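# Architecture and fold: a report
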Amino acid sequence: MSRIGKKIIEIPKEVKVELNGDILTSSGPLGKISKKIPEGIALDIDKSAVSVKLKDNDPNFEKFTGLTRTIIANAIIGVVKGFSKDLEIIGVGYRAEVKNKNLVLNLGFSHQVNFTIPEGIKIAVEKNTLLKITGFDKELVGLVASQIRELKKPEPYKGKGIKYSDEVIKRKVGKASGK
């Protein structure tokens, strides 16, 4: 087993973890997450800890122990603390606002782009150009952030577009004059 797969996951007092068949459900103050456990993986659930083990010591499923442990840990952390991603919109006239369940983006196209916010995700817009995406499911937060970034990727000459706040864009030099 991997080193990560051998680590025990601590369960906070406010989180309830249940295993029904191969579906693990963790519920806490922020919400409820259900994740499917691979068939060769067994879980030992106590009141205060979860540990990941192989069912039949089958070496084909050893590769899933670390992944399964990380997914379970993220589900437990998510229902207590939550996860967030920050995006920046760069460009003259580029801005965003939230209307009802839609994120309305002006990205230099001839029309506004409407992005429907999925269930379990909250998007806050600061200064019209900073987006903060929060939620209790780490996978869904990352997916929504990448879908929004995909609407207008940053271009390398002026840097216009949507980028992660910690992303560094390599800038290219424009055309040189022909003297």
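For the structure itself, consult the block above.
The structure contained in this document is the topic of the report that follows. Keep in mind the model is a prediction, meaning the values are calculated, not measured.

## Description of the pattern of salt bridges
Across all of its chains, the model carries nine salt bridges by this definition. Taking the shortest distance from any N to any O, the salt bridge between Lys-36 and Asp-22 comes out at 2.9 Å. Residue Lys-36 is found in strand 4 (residues 32-36), and its partner Asp-22 is found in the loop between strand 2 (16-20) and strand 3 (23-27); the two are separated by 14 residues along the sequence. According to the relative accessible area criterion, Lys-36 is exposed, its value standing at 59%. Counted as one network, the salt bridges with shared partners bring together Lys-35, Asp-137 and Glu-139.

## Thoughts on unusual backbone geometry
Unusually for a residue other than glycine, Lys-127 sits at a positive phi of about 55°. Here Lys-127 lies in the loop between strand 11 (121-126) and strand 12 (130-135). Non-glycine residue Asn-128 carries a positive phi angle of around 65°. Looking at where Asn-128 falls in the secondary structure, it is placed in the loop between strand 11 and strand 12. The class for Asn-128 is partly exposed, based on a relative accessible area of 44%.

## What to know about the sheet that holds strand 12
The four strands are arranged 11-12-7-13 in an open sheet whose pairing can be described as antiparallel. Whereas interior strands pair on both sides, the edge strands pair on one side only; in this sheet they are strand 11 and strand 13 (161-164). Strand-to-strand twist of the sheet, defined as the mean angle between neighbouring strand axes without regard to direction, takes the value 25°. Where strand 7 (residues 83-90) and strand 13 come together, four bridges link them in antiparallel fashion. Note that in strand 13 the partner of Ile-90 across the bridge is Gly-161. Relative to strand 7, helix 3 (residues 138-151) is tilted by about 5°, and along the sheet it contacts strand 7, strand 11, strand 12 and strand 13.

## Concerning the pairing of strand 11
Bridge count between strand 11 and strand 12: six bridges; the pairing is antiparallel. Residue Ala-124 lies in a different strand from strand 12, and its bridge partner there is Lys-132.

## Observations concerning helix 2 (residues 65-80)
With 16 residues, helix 2 should reach 22 Å at 1.5 Å per residue; the first-to-last C-alpha distance of 23 Å fits that figure. Along helix 2, the positions that sit buried rather than exposed are Thr-65, Gly-66, Thr-68, Arg-69, Ile-72, Ala-73, Ala-75, Ile-76, Gly-78 and Val-79. One or two residues past the end of helix 2 sits Gly-82, with phi positive at roughly 85°.

## Examining the nonpolar core
Counting 20 residues, the largest nonpolar core has Ile-89, Leu-103, Ile-123, Leu-131, Ile-133 and Ile-148 as the members making the most contacts within it. If you list the elements that add at least two residues to this core, you get strand 7, strand 9 (102-106), strand 10 (113-116), strand 11, strand 12 and helix 3. At four residues, helix 3 tops the list of elements feeding residues into this core. Those residues within four positions of Leu-131 in sequence are excluded, and the remaining contacts are Lys-85, Asp-86, Leu-87, Ile-89, Ala-96, Leu-103, Ile-123, Ala-124, Val-125 and Ile-148. Of all hydrophobic cores here, the second largest spans 19 residues; its members include Ile-9, Val-15, Leu-43 and Phe-136.

## Structural notes on the side chain of Ser-51
Tracing the backbone through its elements, the reader meets Ser-51 in strand 6 (residues 49-54). Assessed through its relative accessible area of 14%, Ser-51 is described here as buried. Ser-51 has contacts with Ile-8, Ala-42, Leu-43 and Asp-44, leaving out every residue within four places of it along the chain.

## Considerations on the environment of Ile-33
Residue position: Ile-33 is located in strand 4. On the accessibility criterion, Ile-33 (5% relative accessible area) is buried. Along the sequence, Ile-33 and Arg-171 sit 138 residues apart, while their C-alpha atoms lie 40 Å from each other. Sequence-distant contacts of Ile-33, that is, excluding residues within four places in its chain, are made with Leu-24, Thr-25, Ser-26, Ala-75, Val-79, Phe-136 and Asp-137.

Criteria and thresholds
Residues numbered from 1 in each chain as written. Predicted model: local features only at pLDDT ≥ 70, side-chain atom pairs only at ≥ 80, totals over all residues. Heavy atoms only, no water. Salt bridge = Lys/Arg side-chain N within 4 Å of Asp/Glu carboxyl O. Helix = DSSP H or I, 4+ residues; strand = E, 2+ residues; numbered from the N terminus. Buried < 20%, exposed > 50% of the residue type's maximum accessible area, 1.4 Å probe, protein only. Pairing = 2+ DSSP bridges. Axes fitted to C-alpha atoms, helices over the stretch in contact; angles between N-to-C directions. Contact = heavy atoms within 4.5 Å. Expected span 1.5 Å × (residues − 1). Core = buried A, V, L, I, M, F, W, Y, C linked by side-chain atoms within 4.5 Å.

Worth remembering: the numbers are spatial, not functional.
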